[in-house]
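Letter by letter, the chains look like this.
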Amino acid sequence: MNIMLFGAPGAGKGTQAKFLIERYAIPQISTGDILRAAIVDGTEMGLEAKKYMDDGKLVPDSTIIGIIKDRLQKDDCKKGFILDGFPRTIAQAEALEEMMKDMGISLDKVISLNVPDELIVGRITGRRVCKECGASFHVEFNPAKEEGKCDFCGGELITRKDDTAETVEKRLEAYHAQTAPLFKFYSEKGIMVDLDGTKEVEEVTKDIIKVLG
Ligand code: AP5
């Protein structure tokens with residue numbers, strides 16, 4: 001099963017991906033996580049990407065498309081994958097189509113998690129992420145069982161550098177200008193499913209499972 005999670009920053013893509021990995025035994029491919037790992041490793045690509053990320057802007061398409069091309073070739077993608085945070089522009093979506101065509105595969109479903117902007121700021125500024133596995137929690141809406149410790153791997157929970165109220169505004173601007181048009185792109189292909197992302201985390205998971213089976 002090849003699926004994509006779509007939605008604004010903070011809509012709950014990463015949170016839901018963690019449950020779907022376990023249920024469907026397919027990997028999550030998060031371009032945000034891959035970029036953050038490259039920053040920690042201090043690679044040239046990571047250092048270049050950091051400038052955009054800290055400023056709430058999208059990293060250039062050429063960098064992102066290169067990352068995905070390499071990632072989809074890995075053995076663990078053979079049974080399927082969950083795209084999280086990619087594609088984010090029409091150019092990325094078109095490049096993905098080409099890549100998948102060459103591989104003889106296609107996207108089965110795009111799951112959109114619909115959350116209005118006014119809820120996004122509170123979600124992002126209260127988010128805590130695991131330093132080890134990237135799992136997302138929220139101090140109020142989705143707290144870890146043990147404070148400061150990841151439920152999935154026991155890693156330390158930290159605040160992401162770009163999770164400030166100021167950067168969120170810029171990320172939302174980038175989302176509406178560059179990413180939101182993908183809703184129409186995938187709706188026209190008949191694979192878009194629009195879900196209410198404002199429900200409780202467990203309710204959203206149930207709705208996704210109803211769609212994917
Ligand atoms: P990325 O890491 O993808 O960040 P993002 O877009 O800001 O998305 P998030 O990870 O913030 O949102 P999410 O939907 O996963 O939310 P989460 O589940 O954590 O990208 C970071 C940067 O990298 C970008 O700004 C860009 O610079 C660059 N980048 C990455 N991919 C790129 C690409 N393809 N092209 C170009 N540049 C790229 O949930 C958020 C919070 O809400 C959490 O605290 C969570 O606990 C809580 N929550 C989740 N669900 C619920 C719920 N149902 N009810 C209440 N709270 C909830």
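Report on the accompanying structure. (Residues numbered from 1 in each chain as written. Predicted model: local features only at pLDDT ≥ 70, side-chain atom pairs only at ≥ 80, totals over all residues. Heavy atoms only, no water.)

Before going further, it helps to examine the nonpolar core. Residues Leu83, Leu107 and Tyr186 are the most contacted members of the largest nonpolar core, which totals 50 residues. Discounting chain neighbours no more than four positions away, the residues touching Leu107 are Asn2, Ile3, Met4, Leu83, Leu96, Met100, Tyr186 and Ile191. Ranked by size, the runner-up nonpolar core spans six residues in total, among them Cys130, Phe137, Ala144 and Cys150. (Core = buried A, V, L, I, M, F, W, Y, C linked by side-chain atoms within 4.5 Å. Buried < 20%, exposed > 50% of the residue type's maximum accessible area, 1.4 Å probe, protein only. Contact = heavy atoms within 4.5 Å.)

Turning to unusual backbone geometry, a few remarks are in order. The peptide bond linking Phe86 to Pro87 adopts the cis configuration, its omega dihedral lying at -5°. If you trace the backbone, Pro87 turns up in the loop between strand S3 (81–84) and helix H5 (90–103). Look at Ala25: it is not a glycine, yet its phi comes out positive at around 55°. Here Ala25 shows up in the loop between helix H1 (13–24) and strand S2 (28–30). (Helix = DSSP H or I, 4+ residues; strand = E, 2+ residues; numbered from the N terminus.)

Interpretation note: all reported values are geometric properties and have no functional meaning in isolation.
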